[in-house]
Each structure stands twice: as structure tokens, then as C-alpha cells.
Amino acid sequence: MWALIQKELRAVWWVVALAAIGDVWLLVVLTGQTQDATNPGEGISREAYALTQMTWLTWLGFQLSCVAIAFGLVMSLDDGLRGTWGFALYRPVSRRVYVGVKLLVGSVLTLLLSLFPVVSYAVWASQPENLAAPFFWAFLQPGLEISGWSVLVFLGAFLSGVRPARWMWSRVWPGVTPIVLGAWLWLGALEPSMPDFVVPTVGQFALIGVALAAMYVVSILSVVEERDFA
Amino acid sequence: MSGSRRTTRLRLSDACQALLLTVAATVVWFFAILFFGGIVEEVLRKTDDAVSENHSLTYQHDGFPIWITTRYRHGIIELTECRDLDGKPVGMKPEEANAHQHALIDARIFRQPKRHHWMEDSRHLNFENRQVSFFERTGDRGHFVIFHATTRRRIGFIGPEGFSEHPLPAEKQYLVRERGDQAAVMPGFATAIFYGARLTDFPTGSQNLWFVREPGGRRVHLVDLEQRTSRVAHDGEPVLAMCFDWQRDIGQKSLPLESPRIVLRTETALKVVEPAEAGAVRLVEEIRFPSRLHHAAQLNWIRTPDGPLFDLLLDDDRHQLIWANAAGEVIRERTIESRSPNLDGRAFWMLPLLQSPLVADVLARVMVNEDELNSDGIDRAKAQALGLIFARGKRLPIRDAVMPLALLHLSTLLWSALAVRRLRRFGASTGEQVFWGGWILIGGFPGYLAFRVHRDWHVGRALLPVVTEQTGKSAHPTAAAAAAAAAAARESSRDGVKRLLVRCSETAVLVADASAVFVYGVMLRIGLTPGHAALVMKEVRVSLGLVVAASIGFVFVVGKLTVSSGFGFMSQFFGIFESTMPFFQMPPFGNLSLLFAVSLAVMQVMSESRHEAWLFSLHRPISRRAIVIIKLAVGLVLLLVTTAVPIVMYSLWAARPGTHPSPFEWGMTEAAWRHWWCVPPVYLGTLLMMLRPARWLGTRVLPCAAGLWWFLRREAWGLSLWPIGWEFSVLLAIDAVFVICLLLVIREREYP
């Protein structure tokens, strides 16, 4: 098992490095350590309060989605590109375990790298005189929701990677679904004009996320069981 | 997926994929509808002038109500027509509008959207004069907190007794919650907009003035964040709503007041007060309003020289105008109805086009009761419980929706039947047939798309014996397989769509061949050897598809810029601006040119790599250098010609008299040509990136990045201000460097 985890970590180390650089850059900009013009959103500055700003949360969602998609595609396509599916599937572990380890490693890495900028920024912001604003831990809600949702984006990208279909047509569909639903839920969290009857509560949001994640895992395992990797 | 271990049982993963794929299919389908709907709409439209007919009520300085009826737009010019209540045209300049329009919405019905509870404890108010202000709640009490924007230290706190540098104890803070009733912390400007009300265009004031209406409304505080003061604006009869009156009248003009008057709405009257000395307020006037307005959720008061005018919104289309005196006696009233082309019952006939029953049912529910859509910030249930008159949104009669929805649901039967038919043909279990048939009745056409793509449905797939996991035996007898093979073959031959696609691709290949042969002939005529001419022909043939695609894109962009009928839909997808003066702003050819340059270079190299043709090419009796020079020469010529044509077309259109109402000089096209000349470095950089043997995560992308960086940063570096000859020369030098690098790479690289 540990060998499989090591293998996956070796395959995605560069994604981890890029994501970490992105996270650090985001933190550097948000905590006002630079006046770089590459600020991700107009109006985000040390004086403003990023945790509750739609601009920052939008950028965070975009960046974390990119990372999650990269993880999903790299982990699902790596064996195909290197031609190692045949080798891997003839090891004395079942397909389920092999793919399950991939999903586990990818989900944990995505979650950690997504939580890192949100929690780090919140810890920084909670210190007095770091930010010209009061701090309440409840402000973490949208950031945490985005971080959690990025796991679904990872699973969607992974399913797109392993599904035997055409890239120009339905292969990308499973990857599109969490992004579309995430945009809807994100609008519900931030946009007051969204009608209440189409917006879930916080608990419903979490339930939808867990249910979708379960559906993705079931679908991925099923596709991997059926697919001919020859 | 032949050879896979697919079974025909219905499994959990089928249900999961049905949901996941249907969501994506719905998005794909709706985008397709939007795209093609936009094209059809624009082709049918006779003129590109955007005309909107939208009746919105406004008031002249003397209180005369008028409709703003029609807005015409051509490019950046907008014209507005106004009519009086009897439909006669009237003229009104913006400065002649009445400056005393106040929307007073009952503060009791304000509510926080249900996913916004995380914002409850602190609210960002403003950021002015290097200070940042928040309203911070601590349980049932709250206070204003002011931070220094630079030092990020708390400057102090504002409570009912005024400013303090030290944190306020609970008893010295504002009461914000009592027996389930919440305080309203409201800005002193644009109150109606803040509450998401239907009226707009209200006078705005400073962001520093805020109201705090305590629970119950008996006490209202006026807080000035700049002066750091708080005074009691009202103490007595419960106040339902409040706003400022910022304007004073001088003749026919209105000028802003230095110190605004405060308008307080109680259940029966409006009280206008103004700040006085020693933190007190002075009553300026009191206006009682007619009894029928006592329960208006939103009271619109317009001050006129003849007395108060009240506008009671009955619904989206109807206003009841009530002229009264200060004692609350009605002098005159009139109910007026907007003639705006709002939704009517015919709109339901768009629903069958969606072909998604679930989405259509939700939309129909919204159209039948639009209030649900406009529920932002207002608790309508509470308004109803309090017996308030609330302007209801447009409610379409549900009977109008019956036929369209019936048609929609019946049409989904077709998709369902098609799915079941396919499942039967492929020997699916009854459970699977029932599931997908039912799912498509809910998901409609997107559900059917999801069904088709959730697994491979190759025509010959039914021939393969389906191996079950349990037994490992064939599920189809040989005779059945043979019958299925015959049926599949028949289906294949009948598939008109596939035949059409094949025919189209064959025609495209013929055209490409003919073009390549023509180019070959031309190359021979200008003296190239047959070997070199053949290489040119090959490169042209590889690039022709991209050239055609880019040309179509440029035709669309030029069509949109020249305000040609049928191209307006472009702005919905690519955000092309409209300008009445050609080349006044940079025409949006750059992005498409960049995309074309990068794709062309990638295509030229990938066509060799993907078909493993490098070894074949390099073993022809022609040098490597000649191969790469021909490749980039053909690419450059195609790139420069393709990207120059739209600039020329647009210039020729602009130079023709009568095409646009602005002057044109050929010199105005200089910026476009400068951009055009910046594209070759991007192309050459991409070509170098594709040919260089380096790591993608290392230095391989640098040449492309360099070309793009130049293109994107030239304005910032001030290169666009250089004389055009200098910039062209510098770019030529950069091109030469890229070409030298390319020749070096092609000479030294090893090609397995």
C-alpha cells in the first residue's frame, strides 16, 4: 500500500509543487507582502477583507479548481501515457485497491492544498493588527466550502480521465458537472439575489457534496472495473 | 470498449452516471440553444440598433409623472423617449427629473438570505479617508468599529452615547436583537436599492451616514462615521422606515444639502426632521398619508410643489398614484398600467424547446409566481403575516403553462422510447430499461444524451458476446448474435447523419487536395524544384483547415464590427465592444490572431510528430534546413495574410462614405497594423517551443512565453509610442533571432 502511495506521490510531485507555489503567491498577495500588479482581483488589498470578498473567493475557486483538475487528469492519465496500466493491473492488488489509493492520495492532496491558503490566511487575519477588520471564525465558511468542493472537482476530472470516450465530446462531461454545480452553490453563498428556493442551506450543501462524492467514487470504480486497459 | 466486462444488469454506477452526465449534458444543450438561438435572432433582426421598450415611471421636477418608454442604442449612443400618461411624447432632460423621490420600505420585513449567516456578526460599511468601518455584533448588542486603514489598529468604537477609544460595555452598545426582532442597520443612501426594491434612481448621499433602527422601531439612531458621532433621530412612535432627503429646491433646480434632512415613516405619517444643535433633532414637517397606505410594505413618496404624491406599486405593471394633502386627504388618484413587453402567456411556449422537463417545471413555477425569483432581501411571508400590501411580481396564469408543459412531457416520451428501443436491441435487462426510460422522462433530451454516452454503443457492439461476471459464459446464442449483426449492419447503412458527415469530410478533403495541387502548380511556376514545391503543398494542406477556421472567425468579428445584420450574437459570446468610430478603439483581432498563430505552429509540428513522419521527411533528398525554412515560410505567409485580411476589410468598410457617422483617416489603422506585426514572434516562439527538445516543465515553453510576453506588455513598455518603423525593425530582429534558433535546433536535434 505504501509503495502505491509513494508511486502516486512521485507521479504528482510537480502538481503539488505548482499548487504550493500558487498558494504561497496567493498568501503573499493577500497579506500585503507585495504590491505586485498580478494581484488576482481588483480591489483585493491588505486593507480589504479577503475572506468575505466575492472577488477573492472567485479567484480562490478558480485556482483550486485548476489544481484539482490537474491532480485528477494527471493521476488518471499517467498510467495510460506511460503505458503502465498493464503492469499495474497485474500486480497482486485488485483494480479497486489500485484506483482507490489513487483517489485517496489525490483527494487528500487536493484537500490539503486547498485548505492551506484558506486556513493560513484566516490564522493570519485573526491576529490583531494584521488586518483592518474584525475577525470571526464564521467567515471561514465560504472558503472551507470551496476547499471541500475542490475534492469533487478532482473526482470529476479523474472520472473524465479514466472514462473511455471522446475528449471532444462526452469524456469531459463528468469534469464539467462539479464545476457547474459548484458555481451554482457558490452563487447561492455569495450572491444575495439568488432566489431562496433554489439555494441549499449549509447542511444541504454539505450533504450534496458528500452524495456527489460517493456517486463519483462508485462511477470511477465501476468504469475502472469494466474498462479494457489493453 | 469492446472486450470490456460490461454486463447488462442495472447497477448503482449506472444511476450515478445518469445524474452526473445529465447535469453536464444539460449545460451543453443549453449552451447550444443559446448559441444557435442568438444566431437565428440576429439573422432575423433587420437593424443592429438595440431597441428596448421598457416602461419605467419617473417624475419631472413639478411632480408630473411620465413614462420612460423606448431606448435606442447605436454603438455607444443612447437615446431615450418619454411619454406622458396619455401616451403623448414629452421631452425631459436628466437634470429635470424630480430629486425628491423616496422609497420607504418597512424595515421589519428585511431578512438575511439563508446562506449568509456567516456575515451576521460583522458587516463591512465603508472605506473612506483612510479609515475602515464595520458594524460588529456581540450577541444581542452591537457597535460600530473604526480601524485605521494603514496601521490596522482599532481607532475606536461608536455606541448610542458616541465615540469611545475603548471597547464599549454591553449596556453602552446598540440593541440589535430583542424577542426575535432584529435591528436594521441601514445606509443613509439608496435605501430602495439596498432592499432590492423595484424602484431605482434615488438620490444618493455620503456613505458615512448610517441609521440604526432598534428592534421595535421606537428609537432610531443617526450615526456619522466620519464625524464619529451618534445621535437619537427619533424616540417615540415606532418607525417603520427611514431615509434622507438630500436635495433642496432653488427655482427649477435641486441642489444637495450640506446636512441632509431625515425622513421617518411611522404607520400613519411621514416626519421630516433635521439635525439641530447639541445632538438633538428638529421637526421640519409632518405629512399624514391616506389610510390605504398605512399597510404599504413600500411607500414611495414624491415631494411636489403641489403637495405629496404617493406611488403605490400594485404589481410589476400597475402603479396607483395618489395625490394628497399634508392632512392625508386624497385629492386625486389614478391607476396606471405599464405597457412594457413583460412576460405573457406565450413565453411558456419556449419551454418545450428546452427539452428538459425538470428545468422547465422549475422555470414554469417561477414564471407562474415571479415573487419567488425576486425574494432577495425581503421576507414576503413576514410581510404577509403583518398584513402589508406588497407589490407582487408578474403572475402568469398557470393555465397558459398547461399545453406547453404537456407538449414537453409528451415529447420526452419519444426520447424515452428511443432509449428503451436501443436497450432492448442490446439485450438490456428489464430493470435497466425501466430505469433509463423513467430517467429520461425526468431529464428529457439531456437525459437521453447522458444515456447514449454513459457507455459505448458501437453499432457492432451487440455482436460481441456479453460476458457476465458470474458465469463467464456467453449471454447470446450464436443465432441471436448473427441476427443482431444483421440488424446492426442495416442500421449502419441507414444512418443518414453518419453518411452526411462522411460526405462532408470527403468533400473537405477534395477541396484541400485541389488547393494543395494549385499551390504546387504555383510553386513550380515561380521556380521551385518539385521537391520543395511538394513540401510547400504538404504544409499548405496541413494548415488549410486552421486557415479556414480562422477566416470564419475573422469574418464574424468584422461582420460584428461593421454592424452587419446577423452578427450581433457575437457580442454575447466574445464580448466585442461596439464603437461608432472605427479604429478609435483597438479592433478585437488580436486574440483571434494569437490563437491562430499558436494553433498553426502546434499543428505544423504535431502533424509530423503524430503521424511519425519526421524520419520520413528527414530522409528525403532535401536538407533539414530547407524543410524547416519551408515550414516556417509557409506558416508565416499564411499567418500574415490571414490576419491582414480582416484589417483591410474593416478599413475598406470604414473608408467608404456613409457607413458610419465618424471621420476616418487611413492613419487610424496604424495601431491595428502594429498589433498585426507583433503576431509572428508568437508563431515563431511557439514553433521553437514545439521543436526544442527540452522539458515542458522547464525551459521548453520559454520561447512561446517570450513571444506572448512581448505582445501583451508592449503597451506597458511604451513601445506603441515608438515610431512604427522602429517597432517593426525591433520585431524583425526578434523574428530573425527566433529563425536562427529554429535552424540551430533542427540541425542538432535527434529524431528517433
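Because the structure is predicted, anything quoted here is derived from the model rather than measured. (Residues numbered from 1 in each chain as written. Chains lettered and ligands numbered in written order. Predicted model: local features only at pLDDT ≥ 70, side-chain atom pairs only at ≥ 80, totals over all residues.)

Caption draft 1: Spotlight on the overall build of chain A. When helices and strands are counted, chain A shows seven helices and zero strands. Each helix (α) and strand (β) of chain A, taken in turn from the N terminus, gives the series α-α-α-α-α-α-α. Split into buried and exposed, the 230 residues of chain A put 40% on the buried side. Looking at chain A alone, contacts between residues at least 24 apart form 75% of all its contacts between residues at least 6 apart. (Helix = DSSP H or I, 4+ residues; strand = E, 2+ residues; numbered from the N terminus. Buried ≥ 20, exposed ≤ 12 C-beta atoms within 10 Å, placed from the backbone. Contact = placed C-beta atoms within 7 Å.)

Caption draft 2: Representation of the pairing of strand β9 (residues 154-159) of chain B. Residue and element names in this part refer to chain B. In this sheet, β9 lies alongside strand β8 (residues 141-148) in antiparallel orientation, the contact comprising four bridges. Counterpart to Ile146 in the pairing with β9 is Gly156. Between the end of β8 and the start of β9, which pair antiparallel, lie five residues, with Arg152 showing a positive phi angle near 60°. Connecting the antiparallel pair β9 and strand β10 (residues 162-164) is a turn made up of two residues. (Pairing = 2+ DSSP bridges.)

Caption draft 3: Representation of the confidence of the model for chain B in the model. Residue and element names in this part refer to chain B. In the predicted model, chain B carries a mean pLDDT of 79, and 79% of its residues have values of at least 70. Confidence drops under a pLDDT of 50 for residues 1-5, and excluding neighbours within four residues, the segment shows 17 contacts in the predicted structure. Note that pLDDT drops below 50 for residues 190-205; the model gives that stretch 42 contacts with residues more than four away or on any other chain. Across the interfaces of the predicted complex, the ipTM metric reaches 0.88, alongside a pTM of 0.76. (pLDDT = per-residue confidence, 0-100.)

Caption draft 4: Focus on helix α2 (residues 54-82) of chain A. Residue and element names in this part refer to chain A. The end-to-end C-alpha separation of α2 is 41 Å, in line with the 42 Å expected for 29 residues at 1.5 Å each. Along α2, the sharpest change in direction is near 35° and occurs at Ser76. Downstream of α2 by a residue or two, Gly83 has a phi angle that is positive, lying close to 70°. (Expected span 1.5 Å × (residues − 1). Bend = angle between axes of the 7 residues up to and from the residue.)

Caption draft 5: Quick look at the sheet that holds strand β5 (residues 101-105) of chain B. Residues and elements named next belong to chain B. A sheet is described by the order of its strands in space; here five strands give the open sequence β5-β22-β23-β24-β25, paired in antiparallel fashion. What marks the edges here is a single partner per strand, and that holds for β5 and β25 (330-337). Taken over all neighbouring pairs, the strand axes of this sheet differ in orientation by 20° on average, direction set aside. Summarising the sheet, strand β24 (residues 318-324) and β25 pair through seven bridges and their orientation is antiparallel. Across the sheet, residue Ala324 finds its bridge partner in β25, namely Val330. (Axes fitted to C-alpha atoms, helices over the stretch in contact; angles between N-to-C directions.)

Caption draft 6: Spotlight on the nonpolar core. Core analysis: the largest hydrophobic core is formed by 63 residues, its most contacted members being Leu104(B), Phe144(B), Met242(B), Ile262(B), Val263(B) and Phe310(B). Broken down by element, this core gets its largest block of residues, five residues, from strand β18 (residues 241-250) of chain B. With residues up to four places along the chain from it excluded, the contact list for Leu104(B) reads Ala241(B), Cys243(B), Val263(B), Arg265(B), Leu299(B) and Trp301(B). Ranked by size, the runner-up nonpolar core spans 61 residues in total, among them Val15(A), Ile220(A), Phe435(B) and Ile440(B). (Core = buried A, V, L, I, M, F, W, Y, C linked by C-beta atoms within 7 Å.)

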